[in-house]
Amino acid sequence: MEDIKYKEYTKEESAVYDDAMERLNQSMANGLSLDDAVSRLDIADEELRRLITEDFLKIFIVQLHYEKGLALKDVAKSMGITYERVMEAHKSMLQDVQITSIAEYHKGISKGQA
């Protein structure tokens, strides 16, 4: 399994992140595609923009697919992106869940709670 290190945001980055998520939600609610919504974000840090976009896509997949039961092909269509892109994000999201679950399990073992 890959050794993945998750970004720890500074206070300023967290504020940018939260604002961007809110703006992306609003843009998507107004019918924009994901890429059009992202293009309206004024974020100079390209790495931060990429992380926000990836997180937003994963959150949207959870909301539409897992909570509302929409097929992944329909999730892609509703976001104006390719099915392959949704599948890639979905796979990444499941890997994140797996890695986090394993890490939490091992924390429990080290504390004698497993």
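To start, this report covers the structure provided alongside it. (Residues numbered from 1 in each chain as written. Predicted model: local features only at pLDDT ≥ 70, side-chain atom pairs only at ≥ 80, totals over all residues. Heavy atoms only, no water.)

Looking now at the packing of helix α1 (residues 11-29) against helix α3 (residues 46-67). At a minimum axis separation of 10 Å, α1 and α3 run at an interaxial angle of 50 degrees. When the axis of α1 is compared with that of α3, the two are oblique. Every pair of crossing elements has a handedness; the one defined by α1 and α3 is right-handed. Residues E13, V16, Y17, A20, M21, L24, N25 and M28 of α1 form the contact with α3, whose participating residues are L48, I52, D55, F56, I59 and F60. Partitioning the contact of α1 with α3 into residue classes produces 11 nonpolar, 1 polar and 2 charged. (Axes fitted to C-alpha atoms, helices over the stretch in contact; angles between N-to-C directions. Helix = DSSP H or I, 4+ residues; strand = E, 2+ residues; numbered from the N terminus. Parallel < 35°, antiparallel > 145°, perpendicular 65-115°, else oblique. Left-handed = near helix turned anticlockwise from the far one by under 90°. Contact = heavy atoms within 4.5 Å. Nonpolar A, V, L, I, M, F, W, Y, C, P; charged D, E, K, R; others polar.)

This brings us to the side chain of T53. Position of T53 among the secondary structure elements: in helix α3. Relative accessible area serves as the criterion here: at 11%, T53 is assigned to the buried category. The residues contacting T53, other than those within four sequence positions of it, are V38 and R85. (Buried < 20%, exposed > 50% of the residue type's maximum accessible area, 1.4 Å probe, protein only.)

Now for the packing of α3 against helix α4 (residues 72-79). Closest axis-to-axis distance for the α3/α4 pair is 10 Å, and the angle between their directions is 125 degrees. In terms of orientation, α3 lies oblique with respect to α4. You can see that α3 and α4 cross each other, and the crossing is right-handed. Packed against α3, whose contacting residues are F56, L57, F60, I61, L64 and H65, the element α4 presents L72, V75, S78 and M79 at the interface. Its residues placed into classes, the contact of α3 with α4 shows 8 nonpolar, 2 polar and no charged.

Using the criterion set out here, one finds 6 salt bridges in the structure. Among the ionic pairs, D35 bridges to R85, the shortest N-O distance being 2.8 Å. On the criterion of sequence distance, the pair formed by D35 in helix α2 (residues 34-39) and R85 in helix α5 (residues 83-110) is long-range, its members being 50 residues apart. The class of D35 is partly exposed, set by a relative accessible area of 38%. Residues joined by salt bridges that share partners form a network here, namely E47, R50 and E54. (Salt bridge = Lys/Arg side-chain N within 4 Å of Asp/Glu carboxyl O.)

Attention now goes to the packing of aromatic side chains. Any two aromatic rings considered together are summarised by their centre-to-centre distance and by the angle between their planes. Within the structure shown, the criterion is met by 2 aromatic pairs. Note on Y9 and Y17: the rings are 5.2 Å apart at their centroids and 50 degrees apart in plane angle, and the pair reads as tilted. Here Y9 falls in the partly exposed class, since its relative accessible area comes to 27%. Classification of Y17 as buried rests on a relative accessible area of 16%. The ring of Y83 carries the charged tip of K73 above its face, separated from the ring centre by 5.4 Å. (Phe/Tyr/Trp six-rings, centres within 6.5 Å; stacked < 30°, edge-to-face > 60°. Lys NZ or Arg CZ within 6 Å of the ring centre and 35° of its normal.)

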